[in-house]
Amino acid sequence: MKCPFCSCADTQVVDSRVSEEGDTIRRRRRCTACERRFTTYERVDLMMPAVVKRNGSRVDFNPAKLRASMALALRKRSVSAPDLDAAVARIQEKLLTSGKREITSDHIGELVMAELRQLDQVAYVRFASVYRSFEDIREFAHTINEFRAPDDDTP
């Protein structure tokens, strides 16, 4: 590790500690040239797959954008922030474990719909109406009918 003060490449680790969460290692270092001390942090750097949008462009995966779109669908619904965060984490985990370098935005949309279906039916229909670009009321009705039990005769 290069010293941030004198740029010397020779530094020594004086102390190492694992964070309380267990996901970071804090290291105190000392430069052998200028004797100054500094702190570095070591974290796992996971590579999320790139997102291939419908127009063919590629963008970096953005968990904040994912959370914001789900939060918009869940607006004024009784779903807690921790439940939303857990759903976002499950989607990210599926993307990480897919082993793919690129993933389509359509696939992410399907993962979001699966999570919203479990969290809140109204949010699911809201998201589906935008994601699937509903053109008329029949498409709304069809999506709502997906939730009805086979013996439910309610109009």
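Note that the coordinates shown come from a computational prediction; the quantities given were computed from them, not determined experimentally.

Undergrad: Please give an account of the pattern of salt bridges that cites residues and values.
TA: In the structure shown here, the tally under the stated rule is nine salt bridges. The salt bridge involving Arg-67 is made with Asp-85; its shortest N-O contact spans 2.6 Å. Taken as a pair, Arg-67 in helix H1 (residues 63-73) and Asp-85 in helix H2 (residues 81-97) lie far apart in primary sequence, 18 residues in all. On the basis of relative accessible area, Arg-67 is assigned to the partly exposed category, the value being 30%. Using a relative accessible area of 37% as the deciding quantity, one classes Asp-85 as partly exposed. Residue Arg-90 is joined to Glu-115 by a salt bridge in which the shortest nitrogen-to-oxygen separation is 2.7 Å. In this pair, Arg-90 sits in helix H2 while Glu-115 sits in helix H3 (residues 105-119), placing the two residues 25 residues apart along the sequence.

Undergrad: Can you explain the sheet that holds strand E5 (residues 58-59)? Please cite residues and give values.
TA: Taken together, three strands build an open sheet; the order of strands is E5-E4-E6 and the sheet is mixed. Single-partner strands in this sheet number two, and they are E5 and strand E6 (102-104). In this sheet, E5 lies alongside strand E4 (residues 50-52) in antiparallel orientation, the contact comprising two bridges. Residue Val-51 lies in a different strand from E5, and its bridge partner there is Val-59.

Undergrad: So what's going on with the pairing of strand E1 (residues 11-18)? Residues and values would help.
TA: Two strands pair when backbone bridges link them, and E1 and strand E2 (residues 24-31) are joined in this way by seven bridges, in the antiparallel orientation. Directly across from Val-13, in E2, lies its bridge partner Arg-29. Hairpin connection from E1 to E2: five residues lie between these consecutive antiparallel strands, with Gly-22 at a positive phi of about 80°.

The rules behind the values
- Residues numbered from 1 in each chain as written.
- Predicted model: local features only at pLDDT ≥ 70, side-chain atom pairs only at ≥ 80, totals over all residues.
- Heavy atoms only, no water.
- Salt bridge = Lys/Arg side-chain N within 4 Å of Asp/Glu carboxyl O.
- Helix = DSSP H or I, 4+ residues; strand = E, 2+ residues; numbered from the N terminus.
- Buried < 20%, exposed > 50% of the residue type's maximum accessible area, 1.4 Å probe, protein only.
- Pairing = 2+ DSSP bridges.

That's the geometry; what it means functionally is another story.
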